[in-house]
Amino acid sequence: MTSATELPAAAPADHETGTTGLGTSPLRTDALPKALGIYPYAADLWAEGLLWGAVLRSPHPHARIVSVDTAPALAVPGVHAVVTAADLPGGPDGTPDGPLTADRPVLAAGVVRHHGEAVAAVAADHPDTARLAAAAILVEYEVLEPVTDPEAAFHAAPLHPDGNLFRHLPLRTGDPDAVGEIVVEGLYQVGRQDPAPIGAEAGLAVPRPDGGVELHLSSTDPHGDRDRTAARLGLDPDRVRLVVTGVPGATGDREDLSFQVTLALLALRTGRPVKMALTRAESFQAHNTRHPALLRYRHHADAEGRLVKVEAQILLDGGAYADVSAEALAAAVAFSVGPYTCPNVFVDAWAVRTNNPPAGRMRGEGALQTCFAYESQLDQLARQLGVDPVEIRRRNAMTTGDPLPTGQAVTCPAPVEALLDALDASPLPALPLDDPEADWLLPGGPGGAGDPAAVRRGIGYAVGMVHMLGAEGEDEVATATVRVSGDHATVICAAVDSGQGFATLARQIVQSVLGVSEVYIAPVDSDQSAAGPAARSRHTWVSGGAVERAALMVRHQMLQPIAADFGMSVELLTITDGKITSYDGVLGMPVSEALEGRELWATAQCRPHPTEPLDPETGQGDAFVSIAFCAMRAVVDVDIELGAVRVVDVTVAQEVGRALNPRQIEDRIEGAVAQGVGLALLENLRTEGGVPVNASLTGYRLPTALDTPDVRIAALLEERDVVAPFGAKAVSAVPAVVAPAAVAAAVRAATGLPVGRLPILPEDATVPA
């Protein structure tokens, strides 16, 4: 990554003015073991007497289960147990599961509703034996017609006792009869992006002497997973312990619960440790994807291009089970106009059930789909008016204090115009050299490009927004404990570092507050106090806030006797570079000396201000804690004869509230841009009749190093959010939301074509002769 400008230095707080701590960029705590290949993941675990688990999955997207015969599997030598839905507490009709709505069975009973749904599981003494035995289970299906078109779900027979509609959310604000002098319309589609984590799902379950079970998993929500697993197994939560192993990539939920419950059930049934490691093909079946979307938009504007009214219809395909579709729909509706002001907004949005793969959390769920649509609409409006695409966005830019269409005032910093100005001032990349050796720079690479004269360069802009933390009344809270002994500190917090770098941040917080250089981050397990899921960029806020509060309490314990000895208040003492000093310079004491022979500790919680559900009739309500913004400029080269696209450069201007770790922010932005570029040009889990046809890393195209553009930082604006701990905002979700829209805008500029779907296919970028 290169930077167009220097990163602004983070302004220090009153307790952090040294060379370590917040505002610096230390090496990640897990960097060296990961680089050396010694970092422990669930797939690496082993236990004495280990058995291997395997799952039988449905080959049909929709079918009635007539019968299940497990005898052939039990007859396979080396098989120790076979379980079906009938073996769960409560039998086949036992308690279903789901993060928001409990509608998903652990193992299918009676009906399968998507391809790859788990039906039965086997434990055996070898992984190959387990898979062979699972394949030997005889299941008689009555194949049913799948519902795969989300528009057809409205009129189809119910696929589930709960029906086919997860949520309908209308939004009504302003005058429905308002019209503009300029009207633009568009129909937009977003495909099914798979998270495709670098490591497939794996886990180890170990039975406990008390009849409970210990799970070792790459969970991103240890307490939520523990509680739901215990409920499905009919156990008290204190008899299920979940230990978090290394998380090999996560951009939302890491594993569906059926994996965890089935693994635990096999361990309890056999009385032996059971390990399960999914193949890549199984991994595609075991986790959720991004919601495919269909969006119809109509924008009204005056003669100057200022928005008068926005009308939209949004349809999200939630797949077979509810998961977080209702939450994603709320974000799609609230951000349906984007970071722009408009007095009149009328939206109808639906999330529906189909027999397609289930959709769930994935960076910016709901917000990404609408960002592509409203930014495409602004490009169309700019073309009709003959206005520069940056200028049309400036004229409509939201500022702090403006309302969302939901009526909620944006009280956090919203420097949308400043972000656009930073992009506009950033230099553009140079054109490719006229050099035969630079063929690889052309779309399609060496031998893949046609006539170089057919290559056109396009420049596109996009601005987007995401909410941070949970929404619509969800209670957000995290607990942390900080212990200090001698010259080192320990942080105990059940916040999972899923790649976002929370462990490094926690270390920096304690270094800043206490001046202790050696900070140990305890491994995460469910015996610790809850910190909530690693989703929606929440751990920097709630878990980081809890760590800071606990550290401040310890700081007060440490400084109070010293201040009393010198007849001054604690507030007159500062800690810098491991040294305690007084305001008058009389006192200068190393922190290690102040802590000698003492052991201090404190536990604290952080809970942001409450939110409320959106009104089911009008979509109004203060549903979000805070919002993050990002602007992006993409530069692409397009072979207009072949439709091949190469993303040359992506320049980012983002408001981060405060740069707690500038290097880590750059890394997170670069990764998010790569994921966004993947959706823009490559990634789509395609289905035929509900059956995925490219569920492998050869069929599902992910961006490689050659597909990932140069990512430059035009600006990281630091306008602190006064209600957030440290004033910091989310980093990784919003660039992933904006990148697809920016790339689409650049392809649109290069080709003059409308570009109404993601990913952009060659035919979408081919200009007719």
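Structure shown above.
Residues numbered from 1 in each chain as written. Predicted model: local features only at pLDDT ≥ 70, side-chain atom pairs only at ≥ 80, totals over all residues. Heavy atoms only, no water.

## Considerations on the overall build of the protein
Right, so step 1: Each helix and strand in the protein was counted, giving 15 helices and 30 strands.
Right, so step 2: Here the C-alpha radius of gyration of the protein, 27 Å, is about what a compact globule of 769 residues would show, namely 27 Å.
Right, so step 3: Reported as C-alpha extents along the three principal axes, the dimensions of the protein are approximately 85 × 70 × 60 Å.
Right, so step 4: Taking all contacts inside the protein whose residues are at least 6 apart in sequence as the whole, residues at least 24 apart take part in 81%.
Right, so step 5: Taken as two groups, the 56 positive and 96 negative side-chain charges of the protein have centres that lie 1 Å from each other. (Helix = DSSP H or I, 4+ residues; strand = E, 2+ residues; numbered from the N terminus. Rg over C-alpha atoms; globule rule 2.2 N^0.38 Å. Contact = heavy atoms within 4.5 Å. Lys, Arg positive; Asp, Glu negative; His and termini not counted. Charge placed at Lys NZ, Arg CZ, Asp CG, Glu CD.)

## A few points about the pattern of salt bridges
Right, so step 1: What the rule picks out here adds up to 35 salt bridges.
Right, so step 2: E151 is paired through a salt bridge with R296; the nearest N and O atoms lie 3.2 Å apart. Remark: R296 occurs in strand 14 (residues 293–301) and E151 occurs in the loop between strand 7 (138–143) and strand 8 (165–173); sequence separation between them is 145 residues.
Right, so step 3: Taking the relative accessible area as the measure of exposure, E151 reaches 34% and is therefore partly exposed.
Right, so step 4: Taking the shortest distance from any N to any O, the salt bridge between R208 and D210 comes out at 2.8 Å. (Salt bridge = Lys/Arg side-chain N within 4 Å of Asp/Glu carboxyl O. Buried < 20%, exposed > 50% of the residue type's maximum accessible area, 1.4 Å probe, protein only.)

## Section: the sheet that holds strand 5 (residues 111–112)
Right, so step 1: The sheet built from three strands is open, its strands ordered 5-3-7 with antiparallel pairing. Two strands lie at the open edges of the sheet, namely strand 5 and strand 7, each paired on one side alone.
Right, so step 2: Bridge analysis of strand 3 (residues 63–69) against strand 7 gives six bridges, and the strand direction is antiparallel. In the sheet register, I65 faces strand 7, and the bridge partner there is Y141. (Pairing = 2+ DSSP bridges.)

## Comments concerning the packing of helix 8 (residues 367–385) against helix 9 (residues 389–396)
Right, so step 1: It is at 9 Å that the axes of helix 8 and helix 9 come closest, and there the two elements cross at 110 degrees. Taken together, the axes of helix 8 and helix 9 are roughly perpendicular relative to one another. As for how helix 8 packs across helix 9, the hand of that crossing is right-handed. Seen from helix 8, the contacting residues are E375, L378, D379, L381, A382 and L385; seen from helix 9, they are P389, I392 and R393.
Right, so step 2: For the contact of helix 8 with helix 9, the per-class residue count stands at six nonpolar, no polar and three charged. (Axes fitted to C-alpha atoms, helices over the stretch in contact; angles between N-to-C directions. Parallel < 35°, antiparallel > 145°, perpendicular 65-115°, else oblique. Left-handed = near helix turned anticlockwise from the far one by under 90°. Nonpolar A, V, L, I, M, F, W, Y, C, P; charged D, E, K, R; others polar.)

## As for the environment of G364
Right, so step 1: Mapped onto the fold, G364 is located in the loop between strand 16 (344–352) and helix 8.
Right, so step 2: Look at G364 and you get buried, because its relative accessible area is 13%.
Right, so step 3: Once the C-alpha coordinates of G364 and H287 are considered, the two residues, 77 residues apart in sequence, prove to be 17 Å apart.
Right, so step 4: If we ignore the near neighbours within four places in the chain, the residues touching G364 are R290, Q369, V466, A733 and V737.

## A word on the side chain of E214
Right, so step 1: Locating E214 in the fold gives a position in strand 11 (residues 213–217).
Right, so step 2: Under the relative-accessibility criterion, E214 is labelled buried at 19%.
Right, so step 3: One polar contact links E214 to H216, side chain to side chain, over a distance of 2.8 Å.
Right, so step 4: Ignoring any residue separated from it by four or fewer positions in sequence, one finds E214 in contact with L204, A205, V206, R208, R241 and V243. (Polar contact = N/O pair within 3.5 Å; in protein donor to acceptor, adjacent residues only side chain to side chain.)

## Description of the sheet that holds strand 12 (residues 240–244)
Right, so step 1: If you trace the seven strands from one edge of the open sheet to the other, you get 4-6-2-13-10-11-12, paired in mixed fashion. With one partner strand each, in any of the chains shown, strand 4 (79–84) and strand 12 form the two edges of the open sheet. Between one strand and the next, the sheet's axes are offset by a mean angle of 20 degrees, whatever the strand orientation.
Right, so step 2: As paired elements, strand 11 and strand 12 share five bridges and run parallel to each other. Within the sheet, the bridge partner assigned to V213 lies in strand 12 and is V240.
Right, so step 3: Its contacts with the sheet put helix 4 (residues 222–233) on strand 11 and strand 12, and the angle it makes with strand 12 is roughly 145 degrees.
Right, so step 4: Docked against the sheet, helix 5 (residues 257–270) engages strand 2 (51–57), strand 4, strand 6 (118–124), strand 10 (202–207), strand 11 and strand 13 (274–277), running at close to 140 degrees with respect to strand 11.

## Considerations on the state of the cysteines
Right, so step 1: Using the criterion set out here, one finds zero disulfides in the structure.
Right, so step 2: Left without a disulfide partner, C371 is nearest to the cysteine sulfur of C630, which lies 9.0 Å away. (Disulfide = S-S within 2.5 Å.)

## Points about the nonpolar core
Right, so step 1: Grouped together as the largest cluster of nonpolar side chains are 203 residues, with contacts concentrated most on V482, L514 and F629.
Right, so step 2: It is helix 15 (residues 733–751) that contributes the most residues to this core, 12 residues altogether.
Right, so step 3: Ranked by size, the runner-up nonpolar core spans 12 residues in total, among them L56, V79, V82 and A130. (Core = buried A, V, L, I, M, F, W, Y, C linked by side-chain atoms within 4.5 Å.)

## As for a nonpolar patch on the surface
Right, so step 1: A contiguous nonpolar surface patch, about 330 Å² in accessible area, is contributed by L32, L36 and I38.
Right, so step 2: Here I38 shows up in the loop between helix 1 (31–36) and strand 2. (Patch = residues over 30% accessible without salt bridge, like charges linked within 9 Å, V, L, I, M, F, W, Y side chains within 5 Å. Areas by Shrake-Rupley, 256 points an atom, 1.4 Å probe, with all protein chains shown as cover.)

## Details of the pairing of strand 22 (residues 579–582)
Right, so step 1: In strand 22, alternate side chains face the same way, and those of I580 and S582 are buried while those of K579 and T581 on the opposite face are not.
Right, so step 2: For strand 21 (residues 573–576) and strand 22, the ladder comprises four bridges, and the chain directions are antiparallel. Its bridge partner lying in strand 22, L573 is registered against S582.
Right, so step 3: Linkage of strand 21 to strand 22, two consecutive antiparallel strands, is achieved through a turn of two residues, within which D577 is found at a positive phi near 50 degrees.
Right, so step 4: Taken together, the three bridges between strand 22 and strand 23 (residues 588–590) define a ladder with antiparallel strand orientation. Paired with I580 across the bridge in strand 23 is M589.
Right, so step 5: If you look at the hairpin formed by strand 22 and strand 23, you'll find five residues sitting between the two strands, and G585 has a positive phi there, around 80 degrees.

## Brief notes about the side chain of S336
Right, so step 1: Secondary-structure assignment places S336 in the loop between helix 7 (325–334) and strand 16.
Right, so step 2: For S336, the residues in contact, after removing those within four places along its chain, are Y297, I314, V345, V347, T370 and Y374.

## Section: helix 10 (residues 416–425)
Right, so step 1: Taken residue by residue, helix 10 has V416, L419, L420, A422 and L423 as its buried positions. What you see down the axis of helix 10 is that its buried residues fit within an arc of 155 degrees, all on one side.
Right, so step 2: Elements in contact with the buried residues of helix 10: helix 9, strand 17 (455–468), strand 25 (626–639), strand 26 (644–655) and strand 29 (710–717). (Arc of directions from axis to C-beta.)

## Section: the pairing of strand 16
Right, so step 1: The element strand 16 is extensively covered by neighbouring structure, given that eight of its nine residues are classed as buried.
Right, so step 2: Of the pairings in the sheet, the one linking strand 8 to strand 16 comprises eight bridges and is antiparallel in character. Bridging from a neighbouring strand, L165 pairs with V352 of strand 16.
Right, so step 3: With nine bridges joining them, strand 15 (residues 307–317) and strand 16 adopt parallel strand pairing. Bridge pairing links I314 to A349 in strand 16.
Right, so step 4: In this fold, strand 15 hands off to helix 7, which returns the chain to strand 16; that crossover is right-handed. (Right-handed = clockwise from strand over helix to strand, strands pointing away.)

## Structural notes on the environment of V723
Right, so step 1: Among the structural elements, V723 can be located in the loop between strand 29 and helix 15.
Right, so step 2: A residue is classified by how much of its surface remains accessible, and V723, at 46% relative accessible area, is partly exposed.
Right, so step 3: For the pair V723 and E683, spaced 40 residues apart in sequence, the C-alpha to C-alpha distance is 37 Å.

## Observations regarding the environment of P237
Right, so step 1: Position of P237 relative to the elements: it lies in the loop between helix 4 and strand 12.
Right, so step 2: Take P237: its relative accessible area is 36%, and that puts it in the partly exposed class.
Right, so step 3: Distance in space between the C-alpha atoms of P237 and A739 is 42 Å, their sequence separation being 502 residues.
Right, so step 4: Apart from residues no more than four positions distant in its own chain, P237 is found in contact with R226, D227 and A230.

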